[in-house]
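Structure assessment
Spelled out, the chains give:
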Amino acid sequence: MVAPTANWKGYIKFGEVTCPVALYTAVSSSERISFNTINRKTGNRVKREFIDSETGRPVNADDQVKGYEVDDGRYVVLEPEEIAAAVPDSDKTLKIEAFIPCSQVDTTYFDKPYYLAPDKTGGEAFALLRAGMSKAKVAAIAKTVLFRRMRTVLIRAHGKGLIAATLNFDYEVRSSKEAFAGLPDLKIEGEMLELAEHIIRTKKGSFDAGAFDDRYEAAVAELVKAKIEGRSLPKKKAPIASKPGDLLKALRESAGLSASKSKSKRKAANANAGASRQKAEKPSAKSKPAAPSRQAS
């Protein structure tokens, strides 16, 4: 088995302890099905070409440069060496600024995960950091320059090593208030809420990444196979959204209850409650009835 290639090598520093480390990609899209753009008429692959928007002529790679639009049709041109000079200097060190509870960071801020492992002579110091974080159940917030940008990184214990996830900056994460602004204030209670809780209880489980299939990849692979074999795939029916009036019926069906069963259960529950009340109101055999009051003569 070929050893993985590190995406970045540097140091991690906590207090006065410095440890050489290496970052490895934790997620890869290389196994995904990829497509090429084809000319429908000739069946030949299409090449991408940059065209001048005004003259319509192709632009060579040497003549292509970055530009920032400051006005309609006006750009500030940035040369490669100018952009390189603006990149923050890197000392190749992940400086841990604080240790925080693992649950404190909103996962919305998570960007890309990397495996963080000791490099060469850093085994003991690395193991010390990982064991300490694992026992204290904390994550570490660190900063460094990664891939030409200043990055905030969340580091967590993971197995024998660490996981370092780059974090999105606050200005990059949109406020949830905008997404949820139009949601009505609905109060869910009674049988509907009880049925929803019942369905949730019966569906409880544990997370297993291996149990989840990439249905898109599988569907595309099957489509390609069908096209090669000259056959067509059956069309799938689109799901129908539950209407507000049918929501209770759908909940009962999900819970394995018919409308009649649900009604009979409620009637039985009400009857039991009535019997309990009557039993509570009936005087005890041990207690003596109160003497009748006599009117004064």
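Our structure is the block above this text.
Residues numbered from 1 in each chain as written. Predicted model: local features only at pLDDT ≥ 70, side-chain atom pairs only at ≥ 80, totals over all residues. Heavy atoms only, no water.

**Side note on helix H2 (residues 123-136)**
- Here H2 spans 20 Å end to end across 14 residues, near enough to the 20 Å set by a 1.5 Å rise per residue.
- Within H2 the residues assigned to the buried category are Phe126, Leu129 and Met133. The buried residues of H2 occupy an angular sector of 65 degrees when projected down its axis, which confines them to one face. Opposite its buried face, H2 presents the exposed residues Glu124, Leu128 and Lys135, each directed more than 90 degrees away.
- In the segment just after H2, lysine 137 is the residue with positive phi, at about 55 degrees. (Helix = DSSP H or I, 4+ residues; strand = E, 2+ residues; numbered from the N terminus. Expected span 1.5 Å × (residues − 1). Buried < 20%, exposed > 50% of the residue type's maximum accessible area, 1.4 Å probe, protein only. Arc of directions from axis to C-beta.)

**Some points on the packing of aromatic side chains**
- Summed over all chains, the structure comprises 2 aromatic pairs.
- With 5.9 Å between their ring centres and 40 degrees between their planes, tyrosine 114 and phenylalanine 147 make a pair best called tilted. Highlighted residues: tyrosine 114 in strand S6 (residues 110-118) and phenylalanine 147 in the loop between strand S7 (138-146) and strand S8 (149-158), separated in sequence by 33 residues.
- With relative accessibility at 10%, the residue tyrosine 114 sits in the buried group.
- Note on phenylalanine 169 and tyrosine 171: the rings are 6.0 Å apart at their centroids and 10 degrees apart in plane angle, and the pair reads as stacked.
- Judged by its relative accessible area of 25%, phenylalanine 169 falls in the partly exposed class. (Phe/Tyr/Trp six-rings, centres within 6.5 Å; stacked < 30°, edge-to-face > 60°.)

**Remarks on the side chain of threonine 152**
- Of note, threonine 152 is situated in strand S8.
- Those residues in contact with threonine 152 that sit more than four places away from it in its chain are Ile141, Ala142, Lys143, Ala165, Thr166, Leu167 and Phe169. (Contact = heavy atoms within 4.5 Å.)

**What about the layout of surface pockets?**
- Approximately 370 Å³ is the volume found for the largest pocket.
- Looking at the lining of the largest pocket residue by residue, the classes come out as 6 nonpolar, 3 polar and 2 charged. (1 Å grid on protein atoms, 1.4 Å probe; cavity = no way out; pocket = protein on both sides within 12 Å on 5 of 7 lines; lining within 4 Å. Points joined across faces, edges and corners; volume = space filled by probe spheres on them. Nonpolar A, V, L, I, M, F, W, Y, C, P; charged D, E, K, R; others polar.)

**Looking at the nonpolar core**
- If you look at the biggest cluster of nonpolar residues, it comprises 21 residues, and the most contacted ones within it are Ile12, Leu116 and Ile155.
- Put simply, the parts of the chain that give this core at least two residues each are strand S1 (8-14), strand S2 (17-25), strand S5 (93-101), S6, H2, S7, S8 and strand S9 (161-167).
- With 4 residues, S7 is the largest single contributor of residues to this core.
- If we ignore the near neighbours within four places in the chain, the residues touching isoleucine 12 are Val17, Thr18, Cys19, Val21, Leu94, Ile96, Leu116, Leu129 and Ile155.
- In this structure, Val105, Ala139, Ile141 and Leu167 belong to the second largest nonpolar core, which totals 6 residues. (Core = buried A, V, L, I, M, F, W, Y, C linked by side-chain atoms within 4.5 Å.)

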